[in-house]
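Residue-level structure breakdown
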Amino acid sequence: MLQSLQEDLLHDIKSKDLRVIIISAEGPVFCSGHDLKELSSEEDAKHHSKVFELCAEVMTLIQKLPVPVIAKVNGLATAAGCQLVASCDIAVASEKSQFATPGVNIGLFCSTPGVALGRSLPRKVALEMLFTGEPLSAQEALMHGLVSKVVPEDKLEEETMKISHKICKSSKSVLALGKATFYRQMTQDLDTAYKITAQVMVDNLTLRDGQEGIEAFIQKRKPVWSHSLDQKK
């Protein structure tokens, strides 16, 4: 499944027509995480290492892709499935969705999911999930920042597509630059983050889409300003 997901994420990634990726699932479970049979003593440590290395590659790949990745969650997301939601750029969930890292209850602490959770949730919320295995409801996930929006199940498709269509209206090159910069600056101290982003703003102005967008906005606003001045006279 991880290999398939990795291949799907990279499919047509260089296509000019690809603007957004949506990860969804069928059935009552969004993603239950690793198949525990692959992690049993029947397999050796080398195999186990490959499983977790591939998982890390997929999770980090999501944030390296030049287009936004949306998780459309309609059900339970546990362990690496919860990690997957946390790794996506945006997550839209139905009201019935739940999120958990229950590994501790079977003797396997969710250490790798904790990487994504610790970067998406307040520390104490993430640690309570990791220490107890208790699930967050969709509303709790929204309150703490694990998901972007929570909607009724029958509105999930509509809301996800609404966000996707809005993204598609923006410049692909500008979004790619902005996404890469956002994740890059998040790992820096405040001063360094501002230096990086200030230079990126300058670079953004050299893009044709950036200049055309600014010029179009200025032209659009000119009549409004003129009208306001005439009224004051």
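Use the structure listed above.
Presented here is a report on the structure given in the accompanying data block. (Residues numbered from 1 in each chain as written. Predicted model: local features only at pLDDT ≥ 70, side-chain atom pairs only at ≥ 80, totals over all residues. Heavy atoms only, no water.)

Digging into the overall build of the chain
Helix and strand counts for the chain stand at 10 helices and 8 strands. Along the longest, intermediate and shortest principal axes, the C-alpha atoms of the chain span 80 × 35 × 35 Å. For the chain, contacts bridging at least 24 residues in sequence account for 67% of all contacts bridging at least 6. As displayed, the chain has an accessible area near 14,700 Å², and 56% of this comes from carbon and sulfur atoms. (Helix = DSSP H or I, 4+ residues; strand = E, 2+ residues; numbered from the N terminus. Contact = heavy atoms within 4.5 Å. Areas by Shrake-Rupley, 256 points an atom, 1.4 Å probe, with all protein chains shown as cover.)

A closer look at the packing of aromatic side chains
Throughout the structure, instances matching the rule amount to 2 aromatic pairs. Their ring planes at 50° and their centres at 6.2 Å tell us that F109 and F131 sit as a pair that is tilted. Here F109, found in the loop between β6 (98-100) and α4 (111-118), pairs with F131, found in helix α5 (residues 123-132); they are 22 residues apart in sequence, far enough to count as distant. According to the relative accessible area criterion, F131 is exposed, its value standing at 53%. When the centroid spacing of 5.5 Å and the interplanar angle of 80° are considered together, the rings of F182 and Y183 count as edge-to-face. Taking the relative accessible area as the measure of exposure, F182 reaches 45% and is therefore partly exposed. (Phe/Tyr/Trp six-rings, centres within 6.5 Å; stacked < 30°, edge-to-face > 60°. Buried < 20%, exposed > 50% of the residue type's maximum accessible area, 1.4 Å probe, protein only.)

Observations concerning the sheet that holds β6
The 4 strands lie next to each other as β2-β4-β6-β7, forming an open sheet whose pairing is mixed. The open sheet is flanked by β2 (29-31) and β7 (136-137), the only strands paired with a single partner. By the bridge criterion, 2 bridges tie β6 to β7 in an arrangement that is antiparallel. By the bridge assignment for β7, Q98 is matched with S137. (Pairing = 2+ DSSP bridges.)

Quick notes on the side chain of K72
Structurally, K72 is set in strand β3 (residues 69-73). The buried category is assigned to K72, whose relative accessible area is 17%. Only 2.4 Å separates the side chain of K72 from the side chain of E157, close enough to count as a polar contact. Discounting chain neighbours no more than four positions away, the residues touching K72 are I22, I23, S24, A25, F30, V92, L156, E157 and T160. (Polar contact = N/O pair within 3.5 Å; in protein donor to acceptor, adjacent residues only side chain to side chain.)

Points about the pairing of β3
Burial runs high along β3: 5 of the 5 residues are buried. Alignment of strand β1 (residues 21-23) against β3, held across 3 bridges, turns out to be parallel. Bridging from a neighbouring strand, I23 pairs with A71 of β3.

No statement about biological role is implied by the geometric values presented.
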